[in-house]
Amino acid sequence: MLNDMTQNDLDNFAEGILNGLKLSDDDLRELVSINEKEELEKLFYISRKVRDYFFGNKVFLYSFVYFSTYCKNRCAFCYYRESNDIERYRLDIREVRNICRALKGEDIHMVDLTMGEDPYFHDNPERFIDLVKTVKSELDLPIMISPGVMDNEVLRELNDNGANFLALYQETHDRNLYKKLRVGQSFDDRVNARKFAKSIGYRVEDGILTGIGDDVESTILSLRGMEEASPDMVRVMTFVPQEGTPLEGTIQRSNISELKILAILRLMFPDRLIPASLDLEGIDGMVQRLNAGANVVTSIIPSNSSLEGVVNYDRDLKERDRDPKSVVKRLREMGMEPASQSDFNRIVGVVS
Ligand code: SF4
């Protein structure tokens, strides 16, 4: 498809996307099957061109506060699954407040409060609501919550108390693969939680994994599944085998599939938020993902922080290059820069 395209053709393709061109399943099949470097570079070029039309060189930055690594679930891919015998932590309000203070004045547009499905919070949601209120009063920034599946009333209360964005990843929209990844969890409850959240004013994020059980057809199912609910943010992440999980022995694939799907997401969701996570390959990986069409950097943590990430590529590293200043420095080297808070607030629907 892109193989024989000239520069002019690529520009016309990008123009077509900006004018509302929708990719057919056959288009997706061809794009997902791209293997050659030259063709990939063409895809990234189109994706950047589409992104730049909407966002220019501006990037949004989210800090990541993984406040509880306890979880009652058994996702096959996850280090924090209930049965894994690992050290865990649960931050209290004072610790969360200290993290907020370390983030004050930094280039951060939103705080992402993430936990496993920790019964301590899930059975007593007012504890989580208190945490959201604390972060709101400390930083007065939009708040993303990534708490797993919570019921509608709790989502509403969280929204009333300052939560603006719900991140809830399906991981795959292929129901058969879902059963193997999100073991014992309802497919539809996740879909419905995002749907409900959107209906009451949240912005929502969906995400998929690549590199574990996915082939071209299941990727298309996932892309179409994401499309159905029109999320405000769409994510793809490479599966990284985690110690102590049933998938520990799986061979990790390169990041090519992630970069390729990220660029395809940009063509399908031209004006949406698409993240480059620092959690997978740090700041060098961030550059690759931005070059494939991302416009958000996620998993930023204060310098010297021992907070966990979800994949946490740097779990054993002494130097963790994930703080706001290091990110902004690298962005500027790339000719990019943090967007204004008011630009972000407009997307989130917050009056600034
Ligand atoms: S992915 Fe989330 S819900 Fe699943 S085991 Fe890990 S922390 Fe729990």
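Residues numbered from 1 in each chain as written. Predicted model: local features only at pLDDT ≥ 70, side-chain atom pairs only at ≥ 80, totals over all residues. Heavy atoms only, no water.

1. Here we look at helix α4 (residues 93-103)
Here α4 has its buried residues at Val96, Ile99, Cys100 and Leu103. Down the axis of α4, the buried side of the element spans an arc of 100°, and every buried residue falls inside it. Tucked inside the fold, the buried residues of α4 contact β1 (58-68) and α6 (125-139). Of the residues flanking the start of α4, the one acting as N-cap is Asp92, its side-chain oxygen 3.1 Å from the backbone nitrogen of Arg94. Two residues or fewer past α4, Gly105 is found with a positive phi of approximately 80°. (Buried < 20%, exposed > 50% of the residue type's maximum accessible area, 1.4 Å probe, protein only. Helix = DSSP H or I, 4+ residues; strand = E, 2+ residues; numbered from the N terminus. Arc of directions from axis to C-beta. Contact = heavy atoms within 4.5 Å. Polar contact = N/O pair within 3.5 Å; in protein donor to acceptor, adjacent residues only side chain to side chain.)

2. What about the pairing of strand β3 (residues 143-146)?
Residue alternation in β3 divides its side chains into two sets, Ile143 and Ile145 and Met144 and Ser146, and both sets are buried. Sheet topology note: the strand β2 (residues 110-115)/β3 ladder contains four bridges and is parallel. Looking at the pairing, Thr114 lines up with Ser146 of β3. Relative to strand β4 (residues 163-167), β3 runs parallel, the two being bridged by three bridges. Directly across from Ile143, in β4, lies its bridge partner Ala163. At this point the chain moves from β3, through helix α7 (residues 152-160), to the parallel β4, and the crossover so formed is right-handed. (Pairing = 2+ DSSP bridges. Right-handed = clockwise from strand over helix to strand, strands pointing away.)

3. Regarding the packing of aromatic side chains
On inspection of all chains with the given rule, the structure shows 13 aromatic pairs. Ring geometry for Tyr66 against Tyr80: centres 5.1 Å apart, planes inclined by 75°, an arrangement best described as edge-to-face. Remark: Tyr80 occurs in the loop between β1 and α4 and Tyr66 occurs in strand β1; sequence separation between them is 14 residues. In this structure, Tyr66 and Tyr80 share a single accessibility class: buried. Linked through ring pairs, Tyr53, Phe54, Phe55, Phe60, Tyr62 and Phe344 together constitute an aromatic cluster. (Phe/Tyr/Trp six-rings, centres within 6.5 Å; stacked < 30°, edge-to-face > 60°.)

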